[in-house]
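One letter stands for each residue in the lines below.
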Amino acid sequence: MVIGVPKEIKNNENRVALTPAGVTELRKYGHVVYVQVNAGEGSGFEDEEYIAAGAIMLPTIEDVYAIAEMIMKVKEPIASEYDLIKENQLLFTYFHFASSEELTQAMLAKGAVCLAYETVERPDRSLPLLVPMSEVAGRMAVQEGAKYLEKPLKGRGILLGGVPGVKPANVLILGGGIVGTQAAKMAAGLGAHVTIMDVSLARLRYLSDIMPPNVQTMMSNEYNIREMIKVCDLIVGAVLIPGAKAPHLITRDMLKMMRAGTVLVDVAVDQGGCIETCHPTTHENPTYIIDDVVHYCVANMPGAVPYTSTLALTNATLPYALQLANKGWQQACRDNSDLKLGLNVVDGKVVYKGVADAFNLPLTDVSTVLIEEEQEVQ
Ligand SMILES: NC(=O)c1ccc[n+]([C@@H]2O[C@H](COP(=O)([O-])OP(=O)(O)OC[C@H]3O[C@@H](n4cnc5c(N)ncnc54)[C@H](O)[C@@H]3O)[C@@H](O)[C@H]2O)c1
């Protein structure tokens, strides 16, 4: 298959969809890989490394879209890319269609095959191409929290791990999923006293078994949250209710109960945030203060560490990309239900329920599309 990797052009996006190691793997199976010049620059991969791995460099984004059967990207195409997309071209990237009708309509009009990273789903309902970014954001939440606890950055002026003779900071983590678990590991590793809250008792049992002794678990409810926020230095919001807005576990009035300089890192900001006073911020201007409480609410936290994020993402996407390239998207989706669930828009039809529901568009059964495609091939 002919694979194209354009340079990401969305504002502040430094990740790239394929590393030189990924090129080597695809080349091993005889695929041809075209990479746009400087595509890996933001993540620290030089053109020479791609060339050494067997890629062919192309000077412009137009060249890449014109030649490729499968485009591998990180972010959804932006308006200036719509016209470059060809009918039947396979696009393997994050789309988040439900948040943009314009993008959905553009992809329907183009007749492209859109396989969205975020809806690739395992039989156990986990989302293997979202997990790596949650892992990055969870670990980063504590790194950023520790930084903003410093006095010059308006924090309480407390070191997470304390020092001998001085007690460590208290860290509260709301939600013990992927983000929460990674945040807890980081905070515990730095020596903080950590509490993880979740509504799932089964999850709390599991966390209680695997976490070090400086991590305690607690049922998430309003009473417990109100008690804990009075004595916590860093609070990480890591709640997710799939398909819904995050619940406001910390409300406006609760800020008054916190000590001045407490830091809130609301990782769940991309789902509306689990802290009422949270609104999305950027890496250029990540924090703001309300009632002497520092709010860090960057909606794309992994963007600040593109080297790690690119490697984490491509570790997860490459096995799927190989299947798509080796078998063609139709056969790969017939053989692998994870990939089949990634199909959102095919040949002018919406095949993913969440997208059809979001814009009141007709839903085509994805199996029908795959059968139709199979007949066309025969
Ligand atoms: N800001 C960013 O850059 C960034 C990056 C990655 C992920 N995220 C977001 O982080 C959030 C968490 O992602 P995740 O992968 O850890 O999800 P996850 O599904 O693995 O974990 C969510 C956890 O929240 C728990 N939960 C639900 N309701 C709760 C409540 N009322 N109180 C306490 N816990 C509750 C669930 O039981 C689950 O364990 C999501 O909103 C995700 O989109 C943001």
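Along each chain, residues carry numbers from 1 onward, in the same order as the chain's sequence is written. At least 70 in pLDDT is required for a residue's local features to be given in this predicted model, at least 80 for side-chain atom pairs to be given and counted, and no such filter applies to totals for whole chains, interfaces and linings, which use all residues. Note that water and hydrogens are dropped before the side-chain values are worked out from all heavy atoms of the structure.

## Quick word on helix H1 (residues 20-28)
Buried residues of H1: Pro-20, Gly-22, Val-23 and Leu-26, and no others. When H1 is viewed along its axis, its buried side chains cluster within an angular range of 150° and face the same direction. For H1, exposure combined with an orientation more than 90 degrees from the buried face picks out Ala-21 and Lys-28. To qualify as a helix, a DSSP run of H or I must reach at least 4 residues; to qualify as a strand, a run of E must reach at least 2; elements of each kind are numbered from the N terminus. Phi turns positive, to about 85°, at Gly-30, one or two residues after H1. Classification of residues uses two cut-offs on accessible area relative to the type maximum, computed with a 1.4 Å probe and protein chains only: under 20% is buried, over 50% is exposed, and between them is partly exposed. Our arc is simply the arc of the directions from the helix axis toward the C-beta atoms.

## Digging into the environment of Arg-259
One can find Arg-259 in the loop between strand S10 (234-237) and strand S11 (263-266). Residue contacts are counted whenever heavy atoms from the two residues lie within 4.5 Å of one another. With residues near it in sequence (within four places) discarded, Arg-259 still touches Arg-156, Lys-230, Val-231, Cys-232 and Asp-233.

## Remarks on the nonpolar core
Each nonpolar core is a collection of buried residues, namely Ala, Val, Leu, Ile, Met, Phe, Trp, Tyr and Cys, held together in the definition by side-chain atoms within 4.5 Å. Within the largest apolar cluster, 47 residues are counted, with the highest numbers of intra-cluster contacts made by Met-70, Met-72, Phe-92, Leu-115, Leu-324, Trp-329 and Leu-343. Ignoring anything within four residues of it in the chain, the contact list for Met-70 reads Met-1, Val-2, Ile-3, Gly-4, Leu-90, Phe-92, Ala-321, Leu-324 and Ala-325. Core analysis: the second largest hydrophobic core is formed by 31 residues, Ala-188, Met-211, Ala-238 and Val-263 among them.

## A look at the pattern of salt bridges
Throughout this description, the term salt bridge denotes a Lys or Arg side-chain nitrogen within 4 Å of a carboxyl oxygen of Asp or Glu. According to the stated counting rule, one finds 18 salt bridges in the structure shown. Note that Glu-13 and Arg-15 form a salt bridge whose closest N and O atoms lie 2.8 Å from each other. Take Glu-13 and Arg-15: they sit in the same class, and that class is buried. Taking the shortest distance from any N to any O, the salt bridge between Asp-233 and Arg-156 comes out at 2.3 Å.

## Observations regarding helix H10 (residues 306-327)
In this scheme, a helix's expected span is set at 1.5 Å multiplied by one less than its residue total. Its 22 residues place the ends of H10 30 Å apart at the C-alpha level, agreeing with the 32 Å of an ideal helix rising 1.5 Å per residue. Looking one or two residues beyond H10, the residue adopting positive phi is Gly-328, at roughly 85°.

## A short note on the sheet that holds strand S8 (residues 193-198)
Consider a sheet: its strands pair through backbone hydrogen bonds, and that pairing is either parallel or antiparallel. A sheet is described by the order of its strands in space; here seven strands give the open sequence S9-S8-S7-S10-S11-S13-S12, paired in mixed fashion. Each having just a single partner strand, strand S9 (215-219) and strand S12 (287-290) make up the two edges of the open sheet. Between one strand and the next, the sheet's axes are offset by a mean angle of 20°, whatever the strand orientation. Pairing between S12 and strand S13 (residues 293-296): four bridges, direction antiparallel. Bridge pairing links Tyr-288 to His-295 in S13. Strand pairing follows a simple DSSP-based rule, namely that at least 2 bridges must link the two strands. Convention adopted: a line fitted to C-alpha atoms gives each axis, helices being fitted over their contacting stretch, and angles between N-to-C directions are expressed from 0 to 180 degrees.

## Considering the sheet that holds strand S4 (residues 70-72)
Ordered by their spatial adjacency, eight strands build an open sheet running S3-S2-S1-S4-S5-S6-S14-S15, and the pairing between neighbours is mixed. Each edge of the open sheet carries a strand with a single partner, namely strand S3 (56-58) and strand S15 (349-350). Sheet topology places strand S1 (residues 2-5) next to S4; two bridges connect them, and they run parallel. Each bridged residue has a counterpart across the sheet, and for Gly-4 the counterpart in S4 is Ile-71.

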